[in-house]
Amino acid sequence: MSEKQSKFHGLLFLFFFITGMILSVWVVLRNGWWLPELASDRETIDKIFVTIFIIAGILFILSELSLSFFVLKYSGDPNRRAFYLPGNTKKEILWSILPGTLVVIILEISAEFLGGASLWGRIYGEVPKDAFLVEITGEQFAWNVRYPGPDGKFGKTDPKLISTDNPLGIDISDEAAKDDIVFPAGQGILYLPLNRPVVFLIRSKDVIHSPYLPNFRVKQDAVPGMTTRTWFVPKKEGEFELACAELCGLGHYRMKLPVVVEPAEKVEEWLREQTPAADLYY
Amino acid sequence: MSVEHAAVEVHHKESFLTKYIFSTDHKTIARQYLITGIIWGVIGMILSWFMRLQLAYPNQPMPFLEKILGRWAEGGILKPEFYVALITMHGTIMVFFLLTAGLSGTFSNYLIPLQIGARDMAFPVLNMLSYWVFFAASVVMLISFFVQTGPAGAGWTMYPPLSAIKSAIPGADVGATLWLISMGLFIVSSLLGALNYITTTLNYRTKGMSMWRLPITVWGMFVTAILGLLSFPVLLAGAVMLIFDREFGTSFFVPGGLVVGGQPVPHEGGNPILWQHLFWFLGHPEVYIVLLPAVSLVGEILATNARKPLFAYKVSVGALIGIGALSMIVWGHHMYVSGMNPILGEVFVITTLAISFPTAILIFNYLVTIWRGNLRLTPGMLFALGFLGLFIPGALTGAFLATAPVDIQLHDTYFVVAHFHFTMATAAAFGMFAGVYHWFPKMFGRMMNDKLGKIHFWGTFIGVYLIFFPMFFQGIAGVPRRYYSFTEYNFTSQFVGLNKFITIAAFVAGATQLIFLFNFFWSMFKGPKADKNPWKANTLEWQTDSPPPHGNWGPELPVVYRGPYEYSVPGAEEDYIPQTVPIKVEAK
Amino acid sequence: MIKKSVSLLLLALVVSLSFGQNATLKGVVKFKGEAPKPRLISMKADRQCDAMHGGKPVEAEDVVVNQNGTLKWVFVYVKEGVKGKYNPPAEPVVLDQQGCWYHPHVFGIMVGQKLEVRNSDPLLHNIHAMPKKNKPFNIGQPVKGMKSYYTFTVPEVMVPFKCDVHPWMSAYAGVLDHPFFSVTGDKGEFEIKNLPPGTYTIEAWHAKLGTQVQTITVKAGETKTIEFTFERKK
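In this text, all values refer to a predicted model and were calculated from it rather than measured experimentally.

Visitor: How do you make sense of the packing of aromatic side chains when you look at a structure like this?
Guide: Where two aromatic rings form a pair, the distance of their centres and the angle of their planes describe that pair. Inspection of the entire model under this criterion finds 102 aromatic pairs over all chains. On the basis of an interplanar angle of 10° and a centroid distance of 6.4 Å, the ring pair of Phe13 of chain A and Phe17 of chain A is categorised as stacked. Taken as a pair, Phe13 of chain A and Phe17 of chain A lie in helix H1 (residues 8–31) at a separation of four residues, close to a single helical turn. You'll find Phe13 of chain A and Phe17 of chain A in the same group, each marked buried. Aromatic side chains Phe387 of chain B and Phe391 of chain B sit 5.6 Å apart centroid to centroid with 5° between the ring planes, which places their arrangement in the stacked category.

Visitor: Whenever I open this one, the pairing of strand E9 (residues 125–129) of chain C confuses me. Can you help?
Guide: Residues and elements named next belong to chain C. With five of its five residues buried, E9 lies for the most part within the structure. Of the two faces of E9, the one holding His125, Ile127 and Ala129 and the one holding Asn126 and His128 are both buried throughout. Across five bridges, the pairing between E9 and strand E10 (residues 137–141) is antiparallel. Pairing of His125 across the sheet is with Gln141, part of E10.

Visitor: Looking at this model, I keep getting lost on the environment of Leu292 of chain B. Mind explaining?
Guide: All names here are of chain B. Take Leu292: it is sitting in helix H9 (residues 272–306). Classification of Leu292 by relative accessible area gives buried; the value is 1%. Distance from Leu292 to Met221, taken between C-alpha atoms, is 7.2 Å for residues 71 residues apart in sequence. Ignoring any residue separated from it by four or fewer positions in sequence, one finds Leu292 in contact with Gly220, Val223, Thr224, Leu227, Leu320, Ile323 and Gly324.

Visitor: Explain the packing of helix H5 (residues 80–116) of chain B against H9 of chain B to me, please; I cannot follow it from the model alone.
Guide: Helices that pack against each other are described as a pair by the angle of their axes relative to one another and the distance between those axes. All names here are of chain B. Between H5 and H9, the shortest axis-to-axis distance is 10 Å and the interhelical angle comes to 45°. Judged by the angle between their axes, H5 and H9 are oblique. Where H5 crosses over H9, the two elements pack in a sense that is left-handed. For the pair H5 and H9, contact is made by Val95, Phe96, Leu99, Thr100, Leu103, Ser104, Phe107, Leu111 and Gln115 and by Leu282, Glu286, Ile289, Val290, Pro293, Ala294, Leu297 and Glu300, respectively. Across the contact of H5 with H9, the residue classes tally to 12 nonpolar, three polar and two charged.

Visitor: Looking at this model, I keep getting lost on the interface of chain C and chain A. Mind explaining?
Guide: At the interface, 27 residues of chain C touch 20 residues of chain A. Buried area between chain C and chain A, summed over both chains or domains, comes out near 1,800 Å², and the portion from carbon and sulfur atoms is 47%. Ranking the residues of chain C by area buried against chain A places Ala45, Arg47 and Leu124 of chain C at the top, with a combined share of 30%. Remark: the boundary between chain C and chain A carries four salt bridges. Linking Asp46 of chain C and Arg254 of chain A is a salt bridge whose minimum nitrogen-to-oxygen distance equals 3.1 Å. Counting the contacts that link chain C with chain A gives nine residue pairs in polar contact (both at pLDDT 80 or more). Listed by contribution, the elements that provide at least two residues to the side of chain C that touches chain A are strand E2 (40–41), helix H2 (47–52) and E10 of chain C. If you tally residues by element for the side of chain C that touches chain A, the top one is E10 of chain C, at three residues. Each residue belonging to the side of chain C that touches chain A can be placed in one class, and the counts come to 11 nonpolar, six polar and 10 charged.

Here is what the cut-offs are and how they apply
- Residues numbered from 1 in each chain as written.
- Chains lettered and ligands numbered in written order.
- Predicted model: local features only at pLDDT ≥ 70, side-chain atom pairs only at ≥ 80, totals over all residues.
- Heavy atoms only, no water.
- Phe/Tyr/Trp six-rings, centres within 6.5 Å; stacked < 30°, edge-to-face > 60°.
- Helix = DSSP H or I, 4+ residues; strand = E, 2+ residues; numbered from the N terminus.
- Buried < 20%, exposed > 50% of the residue type's maximum accessible area, 1.4 Å probe, protein only.
- Pairing = 2+ DSSP bridges.
- Contact = heavy atoms within 4.5 Å.
- Axes fitted to C-alpha atoms, helices over the stretch in contact; angles between N-to-C directions.
- Parallel < 35°, antiparallel > 145°, perpendicular 65-115°, else oblique.
- Left-handed = near helix turned anticlockwise from the far one by under 90°.
- Nonpolar A, V, L, I, M, F, W, Y, C, P; charged D, E, K, R; others polar.
- Buried area = accessible area lost by both parts, 1.4 Å probe.
- Salt bridge = Lys/Arg side-chain N within 4 Å of Asp/Glu carboxyl O.
- Polar contact = N/O pair within 3.5 Å; in protein donor to acceptor, adjacent residues only side chain to side chain.

Take a look at the structure:
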């Protein structure tokens, strides 16, 4: 080391991280930038998120501050020599492996044992029997919505039957199709019953879309050629937004579907007022 | 005279064309990669400025945009389809052309032969071909900006059917074909490079250079090359299949019964998720193909400038190998909500969390390396420290995304954007900057300006934080990525103001890069002449001239007697002992 | 100066009259049978569009039967028999997007003539044209007042237009290399002027009800009246 190194950089690192952390906390609290208000039964996601947030936050602060502190404290001095520490001995090797192991254990615990795995299994497992079914089909750049009607079954569809009159290609000769209630893309909003399991059957007519309901912690890609599924229980009344989360083209940023959660009876009543497919597609 | 003669025998005299253009010298090829990479970096950055302008001022006419972009910004309003093309090209250019070719191409080429004591690569002509195939890929990609329907616009991930059906978006027309051809060429170039790096590392090490005496950089490049060799061909296969779907009526990725723009699509029987598997089978290792060279450059620079041995060298090398191996089996974490089998999702959660193990070890070892060191804060060292400063939040936020249920909420939001910009994009860029500042004296025989380098560092480091840290909060609040405007939803419109702030930060940080460009090109011709070993480093490249002659060494190859990190050894005269110093000298 | 131009104008008029012994073809398109109930378009999912129509649904223009029993939005044109070359007029055809709706629903345009697509709504529309012979295009207009221009290169009947953001929006363009076409309006009438004497195949095209063809012969200076009648299929 031929010349003494300035303390400036270490100080700037420390100053930057400390003020940055304080400022971010202040700005975030002031503006309330956080997860959107929870409106479904998926509170486990929030719980895991917050747990990891705290652990990662502590690790972030510790490691950035020690990095900054090291830069300040150990800035070069010609009269000093670095501490020779090659890390070859068994003990040192153990030391180098220990923190990584700890990190992994902490993360595994928070991710898997706070209910993450069981929630995952629940979302993709059996669907409750009395669930409220709704099919949403993405197309550039709007959502078709279909309810199964009183029989609780969706009628067959066939892409060959798709036309402006029949955007989903419903095969009206199928008994189950006659009472289906269809809202062609962009022409209907999504009504969901409060406190009742809702099953989304998700499809796409053209490219990959992804219905995303930030308040419900729900996101599941709509893949053309197959039907994907997810389910949840709406827990709050009111109007929410469904956005598209998978790039689907130039209108991706406004492929919106308003979602209204109302008491179950009200939704049932509203459904009864709608025109069934049999009266529309002759 | 006899020395000259011997060198001439090994490597005869060259004309201008063979010396600077069609050169087979690994050092020239490295510089070609570096300068091409820098050009791509500038283009990629300018693309991001257009995106930032749109996000900061949605729906506000900016007439100057029309002057620059023509029909893509009629009336000064950026077209949404061009915005999609911008994100696609920004991603492609930065990930592949700058941080893969620019980074690996430069430093693998430059450092592997020099640090292992070889005269050149194992296959110099193949090496030259590798660059020129990359150059061809670059030209094709550049041409795609000027076709009628614009460059590729389906995201850098090019998910079909959006990328497969030409009428789905203008960017799925000729632009996408050119993108696929360009990527095909690019992959061929990477494979040629990787073959060379692996063969050279295994077979051309000089006397005494055992694998455990290799600098960590060579290990990093070596693991990277293996990763590339194993994963890039999969994307090549995918790209060829996608070209067939687009041009020759096959249906690998496009299912039957689709209707686009009101018209039926004549495909039958494909599966879009297949592409996602093929893409991410490369796509995730690609993250490490970008990251590992940067990590290893940083390790080398930290040890050299901390004047301390790299802590637990063997463990760190093991961690590099571990990251490389695990990176091949974690790709599914990009696809938790893709419709993939959910049980598979659970498996990928475990492998993904497992990869944090070697990563944490590596970062910890690096921190211990600077602990109680004697830090020389050169611009290269600052960028290496900055790498750690950026990689830490990037790596930690990976834990959120690795956890499948949390990823349901965060997938495809700005949280992901912030995460990968910290963890691989800017971190790798910092690794690259660190490498450029550190090895510039060796590459060009001149020193870069120290003051300008430090200003460049601080502008960039603070800028990166101001740009990407707020995006974590946008993502937590649920803002999806690849949105042309935040104005359409209640939960996104709260961030229109914050977007202005980010945009200003992006322009300031971007402008700071002009300082670097000036410093780089000015120093190349006008910088003070560099010594052989300006950083008092141990590795072999610093024991030859700056820049090294054609053939790298004099008539005799260097002989290696020790490991690369013998810094501040107690009892030694100097605080460094080059690898070429025989053991007995130390003993006295 | 004024005198001169007036006399020039007169001269031009005389010349065009003496050479303009061309025929006119006119008539109506009738609809037989009971008018179908119009399909109702509710714009509920796009709150902005919905508000522009006061939250009320809009009647689709697939099959519009006028009060007098005639059919609106029928494209009547000369399919065969036109000789000679015709230059496109300088003024563009305007396709307006207003209230999340195309105006007009059906129109004719000449090869080489400019098509001006205008966005009069303060929101995103995209013009997705899916021609078979011409080059398809797909372009976004994110803000109010944007205009885009296109020209078609080969005749094509019809070119469908769709807005993917509002999938109910649809329009059709008949692209021809001559000016002999007309679109029926609120009275179901069409008129093709300046048709040189000769024998022609006339086609009437409707988006939902198909096409009908008649062959006619017109003499110089004649005004010929013909009639088409469409019926509900099925």
